[in-house]
Amino acid sequence: MLPKLELIAAACENMGIGVNGDLPWRLKTEMAYFTRMTTNTKYKNKRNVVLMGRRTWECIPEKYRPLKDRINMVLTSQSLDYGDDAITCKSIPHAFDVISGMQNQVERVWVIGGSSVYKSAMESPHFGRLYLTRIKKKFECDTFFPSISNDLVLIEDPMIPQGIQEEKGIEFVYEVYERR
Ligand code: FOL
């Protein structure tokens, strides 16, 4: 059985997710949440996939690339070769073909952006959940999270810190959505 696609993103009040090829904010605890959610597995013999667009790959600082203890997969239409650092795929369906060939090693598949990859993943029949951090402030951004369709509903996940979080005077909330 194929794993569902789980999206993880942080967006500000104007739904921005990035600016100038970078994150619009630097929130250590929020990034630690991203690392924990995308890395941790129930079974120690398995790893999670982080599936991302090529620009998102490039926005990860070199010292953190590839994202450690995770299987890095990069979507691109170009013939790029990242060696042992990442597997390149030309589409989400192609990524699924590759994942199905390493099924027993993979626990969860995390879609980590950017905009066009989030949109394709939310429209995919394999869409499972959206883990969205709502950052309660406006930031100047040039890339945005796609519109969230009406059939997505907020759910409870006991693994997620509840209530208002705060860092550097910026408030944020961890939310989880599923298709109704
Ligand atoms: N989702 C959430 N909730 N927050 C994010 O910041 C986020 N960022 C991306 C996708 N989904 C997200 C894409 N951007 C790193 C850098 C940029 C990035 C994703 C990851 C990164 O370097 N991560 C390292 C830890 C870095 C650190 O500790 O500062 C990692 O190992 O996860």
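Structural data are supplied above this passage.
Attention here is on the structure that accompanies the text. Position numbers for residues start from 1 in each chain and track the written sequence from start to end. Local features in this predicted model are restricted to residues of pLDDT 70 or higher, and side-chain atom pairs are both shown and tallied only at a pLDDT of 80 or more, whereas totals for entire chains, interfaces and linings draw on every residue. Calculated side-chain values reflect all of the structure's heavy atoms, with hydrogen atoms and water omitted.

What makes a residue near a molecule or strand is one non-hydrogen atom of that residue sitting within 4 Å of it. Close to the ligand lie 19 residues; Ile-8, Glu-30, Thr-35, Arg-70 and Ile-112 are nearest. Take Glu-30: an N or O atom from its side chain is 2.6 Å from a nitrogen atom of the ligand. Take Arg-70: an N or O atom from its side chain is 2.7 Å from an oxygen atom of the ligand. Here the Shrake-Rupley method, with its probe set to 1.4 Å, supplies the accessible areas, and only the displayed protein chains count as covering residues. Taken by itself the ligand offers 660 Å² of open surface, and the protein chains cover 88% of this. Pairs of N or O atoms within 3.5 Å make up the polar contacts considered here, provided that, within protein, one atom can donate a hydrogen while the other can accept it, and that residues adjacent in sequence are counted only when both atoms are side-chain atoms.

Its location among the elements puts Arg-70 in strand S4 (residues 70-75). Only protein chains enter the accessibility calculation, which uses a 1.4 Å probe; a residue whose area is less than 20% of its type maximum is buried, one above 50% is exposed, and one in between is partly exposed. For the purpose of charge, His is not counted, nor are the chain termini; Lys and Arg are scored as positive and Asp and Glu as negative. Any carboxyl oxygen of Asp or Glu within 4 Å of a side-chain nitrogen of Lys or Arg constitutes a salt bridge here. Of the side chains bearing the opposite charge, Asp-69 lies closest to the buried Arg-70, which forms no salt bridge; the N-O distance is 6.4 Å. For Arg-70, the side chain forms a polar contact with the side chain of Thr-39, separated by 3.1 Å. Once residues within four sequence positions are removed from consideration, Arg-70 is found in contact with Phe-34, Thr-35, Thr-38, Thr-39, Arg-47, Asn-48 and Val-50. Helix and strand labels come from DSSP, where a helix needs a run of H or I of at least four residues and a strand needs a run of E of at least two; each type is numbered from the N terminus. Contacts are assigned to residue pairs with any non-hydrogen atoms lying within 4.5 Å of each other.

Next up on the list: the environment of Glu-107. Examined against the element boundaries, Glu-107 turns out to sit in strand S6 (residues 106-111). Sequence separation between Glu-107 and Gly-163 is 56 residues, and the spatial gap between their C-alpha atoms is 28 Å. Residues in contact with Glu-107, not counting those within four places in the same chain, are Pro-3, Thr-41, Lys-42, Tyr-43, Lys-46, Arg-47 and Asn-48. Within the local environment of Glu-107, its side chain forms a polar contact with the backbone nitrogen of Tyr-43, the two atoms lying 3.0 Å apart.

The values reported here are purely geometric and, on their own, carry no functional implication.
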